[in-house]
Structure formats: structure tokens, C-alpha cells
2 protein chains.
Amino acid sequence: MIHDDSPAAGLLYEKVAGKITKLIRDGVLRPGDRIPSVRRASRQHRVSVTTAVQAYLALENRGLIEARPKSGFYVRFRRSEDIAEPRLSKPAVRAAAVGMVDLVTRFFESAARPGIVPLGAALPGEELLPTVKLNRLLASISRTSAGRSASYDIPPGCAPLRREIARRSLDFGSPLGVDEIVTTCGATEALVLCLRAVAQPGDIIAVESPTYYGFLKTIEGLGLKAVEISTHPRDGMDLDALAAALRRHKIAAVLAMPSFNNPLGSLMPDENRRRLVELLAKKEIPLIEDDVYGDLHFEPVRPRVARAFDRHGLVMLCGSFSKTLAPGYRVGWCAPGRFLERVKTLKFTNTIATATLPQLAIAEFLKNGGYDHHLRTLRRTYAEQVQRVSEAVAESFPPGIALSRPRGGFVLWIELPRAVDTLALHEQALRENISIAPGPLFSAKQQFRNCIRLSCGHPWSSRHERAISVLGYLVKKAAAR
Amino acid sequence: MIHDDSPAAGLLYEKVAGKITKLIRDGVLRPGDRIPSVRRASRQHRVSVTTAVQAYLALENRGLIEARPKSGFYVRFRRSEDIAEPRLSKPAVRAAAVGMVDLVTRFFESAARPGIVPLGAALPGEELLPTVKLNRLLASISRTSAGRSASYDIPPGCAPLRREIARRSLDFGSPLGVDEIVTTCGATEALVLCLRAVAQPGDIIAVESPTYYGFLKTIEGLGLKAVEISTHPRDGMDLDALAAALRRHKIAAVLAMPSFNNPLGSLMPDENRRRLVELLAKKEIPLIEDDVYGDLHFEPVRPRVARAFDRHGLVMLCGSFSKTLAPGYRVGWCAPGRFLERVKTLKFTNTIATATLPQLAIAEFLKNGGYDHHLRTLRRTYAEQVQRVSEAVAESFPPGIALSRPRGGFVLWIELPRAVDTLALHEQALRENISIAPGPLFSAKQQFRNCIRLSCGHPWSSRHERAISVLGYLVKKAAAR
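Nothing here was measured: the structure is a model prediction, and the numbers come from that model.

A separate point is the overall build of chain A. What chain A contains, in helices and strands, is 16 helices and 17 strands. Taken against the 2.2 N^0.38 rule, which gives 23 Å for 481 residues, the C-alpha radius of gyration of chain A at 22 Å falls within 12% of a compact globule. Taken along its principal axes, the extent of the C-alpha atoms in chain A is 65 × 60 × 45 Å. Within chain A, the proportion of its 481 residues that are buried is 64%. Counted over contacts in chain A with a minimum sequence separation of 6, partners at least 24 positions apart contribute 77%. Of the accessible surface of chain A, which amounts to about 18,300 Å², a share of 51% is contributed by carbon and sulfur atoms. A distance of 1 Å separates the average location of the 68 positive side-chain charges in chain A from that of its 48 negative side-chain charges.

Right, dumping it as C-alpha cells:
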């Protein structure tokens, strides 16, 4: 019998919940099925009754099961489960100069409008971030480390922060050395430096399809071209499609998010990660692996990074604390493998250094601030919020849509009926004070015209519920046209 | 009679000191001359005796005059005045890909070594910066503005900071609108964004000769080429040479520091600034004006920026607070004229945003922190330190050298005898725990092999005095070889 008051107890009920979730996902337990009593579950899973209760409450919070008075727990009828998943994307095969015009800027500005229901930008809700605690650390460091801010923290950057990242990387399946890491102004700068280290203007970068619009803007800004690779909503980039693209194009680098692609929430299986890394190694093509959502897994165990399969220093791993701690601190990092020296030099020429004190505050939070505890809560909350939004969409949207099943992160990808133009929908929603991210943002060629991404980063509320009803109405109207 | 206890009194004695300095500089008052008594000076300049005393003490601090007991004040015999100024530089006329190898990185790393006498990197001495006060503001803002750090401060960036910069720009001779400014991660990012906004890889950028090595590294990093323009040690870039270069090359932009070029300390006269701007306007070529030293003028009045003469939106003005407040805060800005929208977009793709809280802290310091008072002290101190180092060099270095006469900033440029290889000197000095900046750093073609730059950013001390004696010894030895 495992003692539940051991330090690992926090994870234990998550393990039980994870197993039951899998049973539901795999269809072993189906909507309406009664699930074992807590007492029985405690015996089955060899945990205490308390732990079993915790697991059931978590599943209830996530909308997977429901309690019926004096009867027990049942698998919920979940309308969102009945909705199809999006299919494998079919991007154009030709590389393209990216033409994002001012779509992103307009979108980002409108998403920040006060009073808006923020389903657009992929920002964590303020309430979910430990801002007060982190700022208190920053305040205290500001008072005690005066000298530190009076000089440049030149590349590779803040040593205490690099130490903490190295320590945490033990969970990545790819332990990083302190000296393999360079700190940056957010993951965005990390990506810029990695791209500049391995590609010249005019070069082609392979990206997922759909992909994060920030990648496309950055590729555009650097004068690079993008080729979009067909991507599976559950498993990530399609490797056969990538192999075909590699035969067709001279590709300078692959830029991807194997863990929880934004906007799909897909999770590339380990076997695919290995194949991806080996495929690229054969042609000496670097993989720029954006792992900003890696800590936000819904399954109990953190996914390994693709870098774990790299034996040639070709994977350039990038991360940040913008999705988990503080977007406004602008602290990110990369471990650029064999391109380390080049990235350090480019960092120097791009911004000289990252702001010193915010880095020290984050290092201190990672060391003594309870980051793991915070992440556990955050993951649970995001999983719940994604479930809530999925259910609300299932309630309010017309038939014929498809809905992603994110495995982590906090965004949802929705395919609407073909007739819906989401650029127009975006404008209509804005007039109702709702921000959404229209699909064409996520493609160099502005495909996905009938898709939207919804952010589930903010705590669920009746405002969100109403907003999604309104969206459903607008979609129905547009589809009927 | 002017009342000296008016708010302007602080400046009043500086005005008197400035007038006397000019008389000395122009040779009206010569070494050994007795200068008027304070009583007489108070009548001549229509200020109180106290103000006259203040002025004389300031001049004494700067090493320009000396008190002889019971006799009065005399113009000092200044050995540094006897040393020639460097001549107009004669750079190669052909544009060149920049090849800085790892010179800069090696130099920068060694300059940060603990225990070193820091005559290398152009960093302000920690003791001279209001770090404690600024960090206290940051601490207080961290506690009260929690929400601000939980989102991206998207371009154009921190509005309170842009307001303060706009207010201060009234002294630039070119008032900036709040909406014309974009905040950045230091002036370095500002320059990167401006260069990227107006130049494509392979394009040619005209720079001063010598020029700041950071410019060269950035130009190299972006795949641009540099053409070096002959530069006068007092008046800055030679405009006839620039005109000739414009006829010879297709130049995409000019990148210059009209106010206190690093490393020369030159100050371009207003008339030349006007000519420069008009010359470029004819060919629609943008001028990227780096004004990071603009606030550090030794004369009483701040120089006007070249942008003041721009009527076509072609001057992209860049500044920062790294030389006056806090290098480690990484806060800079630019006013990119007609390229505003492009720079905002590039800022978004380069780092999304600048860290929020450091920007707010600097905005608060500018508003209520006594920035002007701080700058007055800093300018006086730098002027004194430059004078001290100049005198020490005059004492210790062999004959036949030339010495710049900086008009602001805090670096000194020294031409050594032809036989001296300053890359070797740099290594020798490092072994004696002294960092200097070797001349080849300041040229795309690594000219200036017999020149060095000394930083006077740190408070003068006996350590510095000894270090300069040692340098003098090393130079003599190298020259004799």
C-alpha cells in the first residue's frame, strides 16, 4: 500500500485520474456508464480512499464524469466528444514568401482592447499567474542586488537562471548543461536568433500547418520563405509529408512545436520525434524546437523534447516563461546545440543582453517559489478550461464543425462550415466585444479561412459562456448565407 | 542682478564655468595666466560671489585651473593640451563585409573579468548610477502594478515612458510626438530594427571611421556591408567624403553618432548636421542617428539632434538609458520617422515587447526621480574623469602620440606610434589586469592597429593612475621594438 501523505501524493491522484481519463478517451468507459465506487477504485488502483476521491473530483471538475445523488459517478454525456476532429491539413506544396500584411498587428491590438472577452490572443489569464509573488521576488532582488542592474548581463546571460533551467531539463529527457543555454528576451528572440544562425534571407523554413502566426511574422521579417507541412491534429507534423518536402525543396531548417502545437494542441509521439530527428540528421538540417507549451501537458508526465533523440547537436531547443509565469518579464532561453557560439554572438548584436533583474526574479521563483506546485495547478486549470470551452462550443455551434482535442496548452482549433469567412467573423465578433483568432493568421498562404482558434487561457465565467453563445449565433448566420 | 537661489541657479555656475572654459580652450587665457578674482568674476558675469566660487571649484575639479595659496586662481599647465589631436581618418574607400571574428566577444568577456581595471568597455561606473533609487522605484512598481507584468506591452510599448521621452525631446530641438516613439530592448535593438527596416542583406551602410564596434557587429550579423567614411575627431563625419562615397556606392543608410561619436567624442556642428540631412534627403537615404551619448555633453547646452533638420521623415533617431541610468535594464527607444509602422512590426517579430516593469521604473525616474539633477552631476563627473585620464596619459605615454578632445561622453581615443600593435598591447595589458579597447575593433577592415580607446566611465582612483602608468610603460616598450 502506498502512503498517500508521501511527497508524491499530489501526483498520485493525478495518475489515477489519468488512467480513468484514458479509459474514457479510448471508449472503454462510455457516456452514461457508471464508474466504480471510490472504495472500489481505491482497491483497484492501490491508493487510499482520499486519493480516489481527489481523483474523482478532478475528473468531475474537468467535465469528464458527473455525480448523481445517491447513485455514484457516471461518465458524462459530452457533446464535444461527438464532434469530429479536424483532418490532416493539406497545405500548398510550394514555398511562399509570407504575406501577413497587418493582419497580426490588427488582431493583436484588438485583442488587448479593454472590456473584451479575450478568446483571441493566447495569453494566460492574469488570475492564474503568480504575478504578485513573482513581483515580490523582483522587488526584493531590486533592493538587494543593486550592482547587478548596473552592467550588461552579456551572453550566455544570467547564470542562476541557466542553472535552474538546466536542473529542470532533467524532466525533458535531454539534460542540458548550464553552458549550453543562452537566455533571451522571450522565446521570440530565441527563435529569431536560431533562425538567423542557420538560415539566410531567401532560404526556406518548413513549418507545421497550421502554425503559430508569430513564426510566420518572424520568417517574413527575416526575409525567409515558409513551406507548410501537413500536420495531424493529434500527432503533429506529418513526417511523410515532410520527407516529400525535403525531396522537393532545399530546406534550411524546420521550425515546429512537437509539444502542443499552437493552434492544434497536438502532441508528437516519441516514435515520431525520433524519426523526425533522424530524418533531418541525414541531411544535416537543424530542427528549431519551440517548447513554450511543454510544461503545460494534460497527461501526468511531461513529454520528452525532440532534442532527447538528437546526437548531432542539430536540435535547437527554445523555451520561455511567458505561458507559465509572466509574459511581461520577457524572459526566454535556447539551447542551440552546435550553433551555440553563433547564437551567443547574434544575441550580443540583437539586444546585447536580457534585462538582469527579471531574469534573477524568475531564477529565484524556479528555485524557491514553488514552480512545480504552481504548474500542477495551472495544468489542471487549463485542462478544465479547454474542456469547458469545448463543451460550450458543442452546445452553441451549428452541426458540421470539427474540434481539436488539445493534449496540452490552452488553445482550441475549430473548423467551421466552408461558407464561413472567419476574417469577417473576427470583425463581427469584435463588434460584440469578443476577440477570436481567425484561421488565415496561421498560414503563410492565408489558408484555413473557415477556421478559428479560441484561447482558453482565462478562467471560465458566465461572460465566456455568453460570448461563445454569441459566436455560435454568428457562425450559424454566416454558415446559412 | 540674477537671484542665485532661483531654480536655475544650478545651471548658472555651469554657464560661468563654460564661458571661462571657452576662453581657455580658445587660448585667450593661457597656461600660467592668472584668472580674475572671484569677486571680479561675480561682477563680470553678473552672478553672486557664491556662484563664482562654485564655477571656479568646478573648473579646478576638471583640472583646468589651480588655486595657488594667497595668490588666486591660475590656468593650469596641462600636458594633455600639448599633445596633438588625431587626424582626419583615411578609411579604405571600398565597402566591405565586416569580419569581426570573435574579437569583440573576447574583448567584452575579458573586460568583465573581476578585479580588472576597466578602461575597456564603455560602461558607466556603478557608483555614478542611481541604481539604488531606480531599483527602489522598480520594487515599488512591482508591488503596485501586478497586472502590468502579466501581459505583453506590445509595440509601440510603454505609454508612460514614451510620454517622458517626448517631454524630454523638447531639449533635442526636435520635439517627438508620443506616437512617433517605439520602446526597445536598449538602443542596440533600436538600431537593429531601423537597419532591418531600411536595408536588405548585401546592402551597404555608411558609418564613421572609427565607429562603435557594436555597429559593425550588428551590420555583420544582418549580412550587410559597411563603408567607412573619413571622420574628423572634433567635427564628426566628413561630409565631402560622404558625398564622394554616395557617388561611388549605392548606400542604403547612414549610421552615425553626430553627438559624441564613440570612440572619438566628436560633436558634429549644427551646420554640418543640416548639410548631412539635406545631402541624404536628395537621394532619399535614411540616417540612423544614434544619440545614446546626447545627454552627456560637456558644454552647458545639449546638442540638437540631426533629426531637428529633417523635413522628410528620413532620420531615425535612437536613444537609451544605458549610459545614464542602468545598462542592465535594457531600455531604449527609437523615433523612426516615416518607417514607424515597419519598425513597430519588426519589433513585434524580434522580441514581441520590452520587459514592462523596467520601462515603468525608468518612466517614473524620468518623471519624479531628478533625472536632470542626476545628469548635471554625471556630465561634470565624466568631464572631470576624461580630463584626469588625458592628463595621466600625457604624463606616462611616450612622445609622438595623439589624443582626442571629447566634447561629451566618456571615452578617449589615442593614436600610438605606428610600431605599436594594439591587439598585442591588449593581451599584454590583460596580463597586468588592465582592459583597454584595441583600435581594430572600431573598423570593418580592422584598421587603427596603432590606436586604442580608453573608457573614462569609472571614478578616477590611484588604481587607474597606476594602470595608466603601466600602459605607458607597455606602449614605450612596444614603440621601441
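Moving on to the relation of the copies chain A and chain B. Aligned on chain B, chain A shows an RMSD of 0.1 Å; the corresponding rotation is 180° and the shift along the axis is 0.1 Å. In the structure described here, the two chain copies are related by an operation that fits a two-fold rotation axis. Among all residues of chain A, the one whose C-alpha sits closest to the rotation axis is A:Ala139, at a distance of 1.8 Å. With an isologous cut-off of 70% or more, the 100% of interface residues of chain A that recur at the interface of chain B puts this contact in the isologous class.

What follows covers the interface of chain A and chain B. Counting residues at the interface gives 55 residues for chain A and 55 residues for chain B. Between chain A and chain B, the buried area comes to about 4,600 Å², and carbon and sulfur atoms account for 63% of it. Where chain A touches chain B, the interface holds 13 residue pairs in polar contact (both at pLDDT 80 or more). For the side of chain A that touches chain B, the elements supplying multiple residues, two or more each, are α5 (103–111), α6 (131–144), α8 (186–198), α9 (213–221), α12 (340–351) and α13 (356–368) of chain A. Broken down by element, the side of chain A that touches chain B gets its largest block of residues, eight residues, from α6(A). Looking at the side of chain A that touches chain B, its residues break down into 26 nonpolar, 19 polar and ten charged.

What follows is about the packing of α9(A) against helix α12 (residues 340–351) of chain B. Two quantities define a packed helix pair, namely the angle between the helix axes and the distance between the axes. At a minimum axis separation of 9 Å, α9(A) and α12(B) run at an interaxial angle of 120°. Classified by the interaxial angle, the pair formed by α9(A) and α12(B) is oblique. Crossing hand, α9(A) versus α12(B): left-handed. Across the interface between the two elements, A:Lys217, A:Thr218 and A:Gly221 from α9(A) touch B:Thr345, B:Leu346, B:Phe348 and B:Thr349 from α12(B).

All names here are of chain A. Looking at chain A, pLDDT values average 90 and 96% of them are 70 or higher. Contacts of residues 1–8 to residues separated by more than four positions or lying in other chains number ten contacts, the stretch itself having pLDDT below 50. In the model output, the complex is listed with pTM 0.84 alongside ipTM 0.81.

Attention now goes to helix α2 (residues 38–45) of chain B. Residues that lie three or four places apart on an α-helix share one face, since the helix turns once every 3.6 residues. All names here are of chain B. Along α2, the residues classified as buried are Ala41, Ser42 and His45. Viewed end-on, α2 has its buried residues packed into an arc of 105°, placing them on one side of the element. When the buried face of α2 is taken as reference, the exposed residues oriented beyond 90 degrees from it are Arg39 and Arg43. Within two residues after α2, Arg46 carries a phi angle of roughly 60°, on the positive side.

Thresholds applied
Residues numbered from 1 in each chain as written. Chains lettered and ligands numbered in written order. Predicted model: local features only at pLDDT ≥ 70, side-chain atom pairs only at ≥ 80, totals over all residues. Heavy atoms only, no water. Helix = DSSP H or I, 4+ residues; strand = E, 2+ residues; numbered from the N terminus. Rg over C-alpha atoms; globule rule 2.2 N^0.38 Å. Buried < 20%, exposed > 50% of the residue type's maximum accessible area, 1.4 Å probe, protein only. Contact = heavy atoms within 4.5 Å. Areas by Shrake-Rupley, 256 points an atom, 1.4 Å probe, with all protein chains shown as cover. Lys, Arg positive; Asp, Glu negative; His and termini not counted. Charge placed at Lys NZ, Arg CZ, Asp CG, Glu CD. Least-squares fit on C-alpha atoms with pLDDT ≥ 70 in both. Buried area = accessible area lost by both parts, 1.4 Å probe. Polar contact = N/O pair within 3.5 Å; in protein donor to acceptor, adjacent residues only side chain to side chain. Nonpolar A, V, L, I, M, F, W, Y, C, P; charged D, E, K, R; others polar. Axes fitted to C-alpha atoms, helices over the stretch in contact; angles between N-to-C directions. Parallel < 35°, antiparallel > 145°, perpendicular 65-115°, else oblique. Left-handed = near helix turned anticlockwise from the far one by under 90°. pLDDT = per-residue confidence, 0-100. Arc of directions from axis to C-beta.

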